[in-house]
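Coordinate analysis (summary)
Chain residues, written in single-letter form:
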Amino acid sequence: MTPAALRKIGRLETAVFPIGLGCASLSGSYGPADEAEAIRLIHAAMDIGVTFFDTSDKYGNGHNEELLSRAFAGKRDQVVIASKFGNVSGKGDGRIADGRPEFVIASCEASLKRLRTDHIDLYYQHRLDPQVPIEETVGAMAQLVAQGKVRAIGLCEVNPSTLRRAHATHPISAVQSEYSIMYREQAEDVRVTTRELGVTFVPYAPLGRGLLTGSVNQSSLREGDERLRHPRFQPENLDRNLDLVRNLEAVAKAHDSSAGQIALAWLLAQGDDIIPIPGTKTLSRMVENTNAAQITLSQADLDFLAEAFPHGVAAGTRYRSEHMKNMYL
Ligand SMILES: NC(=O)c1ccc[n+]([C@@H]2O[C@H](COP(=O)([O-])OP(=O)(O)OC[C@H]3O[C@@H](n4cnc5c(N)ncnc54)[C@H](OP(=O)(O)O)[C@@H]3O)[C@@H](O)[C@H]2O)c1
């Protein structure tokens, strides 16, 4: 197997394996997870060469960062950790995001403690706070960089104009937003600006929250799985979306691979500024996803997929309407 070429994350010095590991589901976002198995999976990913691990103070209400601290004990210098602050939805006060400077500083201190480290490699604002100018939030993040507590900063779900304002305050190294072949309009729009500014794009939910693997059906979603609330999995949408996956399966056949691997290979083919972070609780699936870095799609494959997945093809929006209004701000 040829080693995959490493990719840069904005201004961070350390380049990383082209596919990272999204760790949210290891703390239960898609139903319960087993901690010992999660740590085995993380170590197996490191053995394969994966170095970029994505967490947030939101995942498992801090559990995910603590899990990573246990997995990385004695190995901190071998990994690039991305964490996030400011997604305060679900607390019952109607507030979705908190970008106040004092909150940024306090959140970072708490994350450092949970991660048991003295620095976070890449620190993102998880959701934009419409009540706080982005310059103020990024100003506080810049302070953390100056203090050495954070190496580089990122933003999630921002539009081009917010990104420009933020970047003028302090260089932004990465934008993390949902991006997959089935939901690509907003990502492709903001990528015009990320490429211009030298900002890396980190696609989250690169497997469409599992949909693009073809392995999710109505009966496979169990209680506690947040996907039960996502429009794409609703009965009126799911069959139409699974029909689209047949196109990935057709390409997969020619590459002796899987639909999910083709979805990841398609993202990697969009440019070396892309580092997807698929998530899984299953070790063999992590290996499968990581091996997608070995697949090179032909121009004919890319043309076929572009035609099969035009903008707007997905049935159902990325989030429910009450959450869509907090995205791409
Ligand atoms: N910034 C943000 O707002 C934001 C939002 C969402 C997610 N994220 C980040 O992005 C990461 C990835 O997103 P995600 O986990 O929501 O979605 P995803 O990576 O698109 O899909 C994950 C789902 O796909 C399944 N899956 C993974 N590999 C598979 C394979 N090879 N075959 C069959 N099924 C497979 C997983 O099930 P199993 O676990 O059962 O394998 C899981 O249910 C998260 O962990 C998180 O770090 C960020």
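Residues numbered from 1 in each chain as written. Predicted model: local features only at pLDDT ≥ 70, side-chain atom pairs only at ≥ 80, totals over all residues. Heavy atoms only, no water.

**Comments concerning the overall build of the chain**
- When its secondary structure is counted, the chain shows eleven helices and seven strands.
- The C-alpha atoms of the chain give a radius of gyration of 19 Å, which matches the 20 Å a tight globule of 329 residues would have.
- Taken over the C-alpha atoms alone, the chain extends approximately 50 × 40 × 40 Å along its principal axes.
- Residues counted as buried form 56% of the 329 residues belonging to the chain.
- Sequence separation of at least 24 residues holds for 76% of the intrachain contacts in the chain that already meet a minimum separation of 6.
- Summed over its atoms, the accessible surface of the chain is roughly 13,700 Å², and 50% of this surface lies on carbon and sulfur atoms.
- Charge-centre separation for the chain: the mean point of 36 positive side chains lies 3 Å from the mean point of 40 negative side chains. (Helix = DSSP H or I, 4+ residues; strand = E, 2+ residues; numbered from the N terminus. Rg over C-alpha atoms; globule rule 2.2 N^0.38 Å. Buried < 20%, exposed > 50% of the residue type's maximum accessible area, 1.4 Å probe, protein only. Contact = heavy atoms within 4.5 Å. Areas by Shrake-Rupley, 256 points an atom, 1.4 Å probe, with all protein chains shown as cover. Lys, Arg positive; Asp, Glu negative; His and termini not counted. Charge placed at Lys NZ, Arg CZ, Asp CG, Glu CD.)

**Comments concerning the site of the ligand**
- Neighbouring the ligand are 31 residues; Tyr30, Asp54, Leu207, Thr280 and Lys281 lie closest to it.
- Measuring from a nitrogen atom of the ligand, one finds a side-chain N or O atom of Ser215 at 3.4 Å.
- Thr280 places a side-chain nitrogen or oxygen 2.5 Å from an oxygen atom of the ligand.
- In isolation the ligand has 900 Å² of accessible area, and contact with the protein removes 93% of it.
- Residue contributions to the shell around the ligand peak at three residues, all from helix α9 (residues 283–291).
- Partitioning the shell around the ligand into residue classes produces twelve nonpolar, eleven polar and eight charged. (Near = heavy atom within 4 Å. Polar contact = N/O pair within 3.5 Å; in protein donor to acceptor, adjacent residues only side chain to side chain. Nonpolar A, V, L, I, M, F, W, Y, C, P; charged D, E, K, R; others polar.)

**Considering the packing of helix α7 (residues 235–254) against helix α8 (residues 259–268)**
- Close contact between α7 and α8 brings their axes to 8 Å; oriented N to C, the two are set at 90°. Considered as vectors, α7 and α8 are oriented roughly perpendicular to each other. Between α7 and α8, the residues in contact are Val245, Leu248, Glu249, Val251 and Ala252 and Ala259, Ile262 and Ala263, respectively.
- A breakdown of the residues in the contact of α7 with α8 according to their chemical character gives seven nonpolar, no polar and one charged. (Axes fitted to C-alpha atoms, helices over the stretch in contact; angles between N-to-C directions. Parallel < 35°, antiparallel > 145°, perpendicular 65-115°, else oblique.)

**Details of the pairing of strand β5 (residues 150–156)**
- Most of β5 sits inside the fold, with six of its seven residues counted as buried.
- Here three bridges tie β5 to strand β6 (residues 174–178), and the two strands are oriented parallel to one another. Following the sheet pairing, Leu155 is matched in β6 by Val175.
- Once the chain exits β5 it traverses helix α5 (residues 160–169) before rejoining the sheet at β6, and the crossover so formed is right-handed. (Pairing = 2+ DSSP bridges. Right-handed = clockwise from strand over helix to strand, strands pointing away.)

**Some points on helix α6 (residues 185–197)**
- The terminal C-alpha atoms of α6 lie 19 Å apart, and with 13 residues this matches the ideal 18 Å at 1.5 Å per residue to within 8%.
- Along α6, the sharpest kink reaches roughly 30°, centred on Arg191.
- Every buried residue of α6 is listed here: Ala187, Val190, Arg191, Thr193 and Thr194.
- On the buried face of α6, the contacting elements are α5, β6 and β7 (200–204).
- Once α6 finishes, Gly198 follows within two positions and takes phi at roughly 75°, a positive value. (Expected span 1.5 Å × (residues − 1). Bend = angle between axes of the 7 residues up to and from the residue.)

**A few points about the environment of Lys84**
- By secondary structure assignment, the location of Lys84 is in strand β3 (residues 80–85).
- Within the structure, the side chain of Lys84 is placed 2.6 Å from the side chain of Asp54, a separation counted as a polar contact.

**Concerning the packing of α7 against helix α10 (residues 299–308)**
- Interhelical geometry of α7 versus α10 gives an angle of 175° and a closest axis separation of 10 Å. Considering their axes alone, α7 and α10 lie roughly antiparallel with respect to each other. Between α7 and α10, the contacting residues are Leu244, Asn247, Leu248 and Val251 on the first element and Asp301, Phe304, Leu305 and Ala308 on the second.
- Broken down by class, the residue content of the contact of α7 with α10 amounts to six nonpolar, one polar and one charged.

**Observations regarding the nonpolar core**
- Ranked by internal contacts, the top residues of the largest apolar core, which has 101 residues, are Phe52 and Phe53.
- In terms of residue count, the dominant contributor to this core is α8 (eight residues).
- Not counting chain neighbours up to four residues away, the residues in contact with Phe52 comprise Ile9, Val16, Gly20, Leu21, Val80, Ala82, Leu122, Tyr124, Val202, Ile275 and Ile277. (Core = buried A, V, L, I, M, F, W, Y, C linked by side-chain atoms within 4.5 Å.)

**Some remarks on the side chain of Arg7**
- With respect to the helices, strands and loops of the structure, Arg7 is situated in the segment before β1 (21–22).
- Of note is the side chain of Arg7, whose polar atom sits 3.3 Å from the backbone oxygen of Leu268.
- In this structure the side chain of Arg7 is engaged in a polar contact, spanning 2.9 Å, whose partner is the backbone oxygen of Gly271.
- If we ignore the near neighbours within four places in the chain, the residues touching Arg7 are Ala15, Val16, Pro18, Leu268, Gly271, Asp272, Ile274 and Ile275.

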